[in-house]
Amino acid sequence: QVQLVESGGGLVQAGGSLRLSCAGSGRTFSSRTMGWFRQAPGKEREFVAAISWSGGSTYYADSVKGRFTISRDNAKNTVYLQMNSLKPEDTAVYYCAADTLPHRARVVAAGSAYGYWGQGTQVTVSS
């Protein structure tokens, strides 16, 4: 089992930055791909970024590429999402998620691959 708790959300002006954290519990955290997803009001959940269990591979949605950076510290059971140059369209509830399958060979973007989810943290970007 993996339990996840996000933090770091808040209100920021367009062009600003935020750093989200996701603290995980459970012995298998370090063996799982971790992902960040977001859901804006009235919209479906969408993939944002993912990082392999080793941290060696990352994958980003086109909408955040070059602005967001995902990283992890397995010693601290924590994954991060550094968000720079924020835009109003980045406003959403952000969720971290852990891959259902440990030691997956590739990073995946499909939400269906992630079996463990946090409660989410609100990010609001004002124009």
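All chains use their own residue numbering, which begins from 1 and follows the written sequence. Given that this is a predicted model, residues contribute local features only at a pLDDT of at least 70 and side-chain atom pairs are listed and counted only at 80 or more, while totals for whole chains, interfaces and linings are drawn from all residues. Heavy atoms from the whole structure form the basis of all side-chain values; hydrogens and water molecules are not counted.

Here we look at the pattern of salt bridges
Right, on to step 1. For salt bridges, the criterion is a side-chain nitrogen of Lys or Arg within 4 Å of an Asp or Glu carboxyl oxygen. Scanning the model with the defined rule gives five salt bridges in all.
Right, on to step 2. Residues Asp-62 and Lys-65 are paired through a salt bridge, measuring 3.1 Å at the closest nitrogen-oxygen approach.
Right, on to step 3. With a 1.4 Å probe rolled over the protein chains alone, any residue whose accessible area is under 20% of its type maximum counts as buried; one over 50% counts as exposed, and the rest are partly exposed. Looking at Asp-62, the relative accessible area reads 65%, which means it is exposed.
Right, on to step 4. For the salt bridge of Arg-67 with Asp-90, the shortest nitrogen-to-oxygen distance reads 2.8 Å. Note that Arg-67 is positioned in the loop between β6 (58-60) and β7 (68-73) and Asp-90 in the loop between β8 (78-83) and β9 (92-99), a separation of 23 residues in sequence. Across the pair, Asp-90 and Arg-67 agree in class, each one buried. Helix and strand definitions follow DSSP, with helices as H or I runs of at least four residues and strands as E runs of at least two, each counted in order from the N terminus.

Let's talk about the sheet that holds β7
Right, on to step 1. Strands are labelled as partners when DSSP assigns at least two bridges between them. With antiparallel pairing, the four strands of this open sheet are ordered in space as β1-β3-β8-β7. Pairing within the sheet leaves two strands with one partner each, and these edge strands are β1 (3-7) and β7. Taken over all neighbouring pairs, the strand axes of this sheet differ in orientation by 15 degrees on average, direction set aside.
Right, on to step 2. Both β7 and β8 contribute to a ladder of six bridges, which runs antiparallel. Fitted lines through C-alpha atoms serve as axes, helices being fitted only where they are in contact, and the angles separating the N-to-C directions of these axes extend from 0 to 180 degrees.

Some words on the state of the cysteines
Right, on to step 1. In this description, a disulfide is simply a cysteine sulfur pair whose atoms lie within 2.5 Å. The tally for this structure, following the rule as stated, stands at one disulfide.
Right, on to step 2. At a sulfur-sulfur separation of 1.9 Å, the disulfide partner of Cys-22 is Cys-96. Across the S-S bond linking Cys-22 and Cys-96, the dihedral sits near 50 degrees, which makes this disulfide right-handed. Pair noted here: Cys-22 is in strand β3 (residues 18-25) and Cys-96 is in strand β9, with a separation of 74 residues, a long-range link.

A few points about the environment of Ser-17
Right, on to step 1. The residue Ser-17 is located in the loop between β2 (10-13) and β3 in this model.
Right, on to step 2. Residue class for Ser-17 comes out partly exposed when judged on its relative accessible area of 40%.
Right, on to step 3. Taking the C-alpha atoms as reference, Ser-17 lies 27 Å from Arg-32; in sequence the two are 15 residues apart.
Right, on to step 4. Contact definition: two residues touch when any of their heavy atoms are within 4.5 Å. With residues up to four places along the chain from it excluded, the contact list for Ser-17 reads Val-12, Gln-82, Met-83, Asn-84, Ser-85 and Leu-86.
Right, on to step 5. In protein, a polar contact requires one atom able to donate a hydrogen and another able to accept it; more generally it is a pair of N or O atoms within 3.5 Å, and residues adjacent in sequence count only if both atoms are side-chain atoms. Of note is the side chain of Ser-17, whose polar atom sits 2.9 Å from the side chain of Asn-84.

Digging into the packing of aromatic side chains
Right, on to step 1. Any pair of Phe, Tyr and Trp rings, taking the six-membered ring for Trp, is counted once the centres come within 6.5 Å. Such a pair is stacked with planes under 30 degrees apart, edge-to-face with planes over 60 apart, and tilted for the rest. What the rule picks out here adds up to five aromatic pairs.
Right, on to step 2. Relative to Tyr-114, the ring of Phe-37 lies with its centre 5.2 Å away and its plane at 75 degrees, an arrangement referred to as edge-to-face. Of this pair, Phe-37 sits in strand β4 (residues 34-39) while Tyr-114 sits in strand β10 (residues 114-117), and the two are 77 residues apart along the sequence. For the residue pair Phe-37 and Tyr-114, the accessibility class agrees, reading buried in each case.
Right, on to step 3. Residue Phe-37 is classed as buried on the basis of its relative accessible area, which comes to 2%.
Right, on to step 4. Connected via pairs of aromatic rings, a cluster forms that spans Phe-37, Phe-47, Tyr-59, Tyr-114 and Trp-117.
Right, on to step 5. Residue placement shows Arg-19 over the ring face of Tyr-80; its charged tip is 4.0 Å from the ring centre.
Right, on to step 6. Both a distance and an angle decide whether a charge sits over a ring: NZ of Lys or CZ of Arg must be within 6 Å of the ring centre and within 35 degrees of the ring normal. Over the aromatic face of Phe-37 sits the side chain of Arg-45, whose NZ or CZ is 5.7 Å from the ring centroid.

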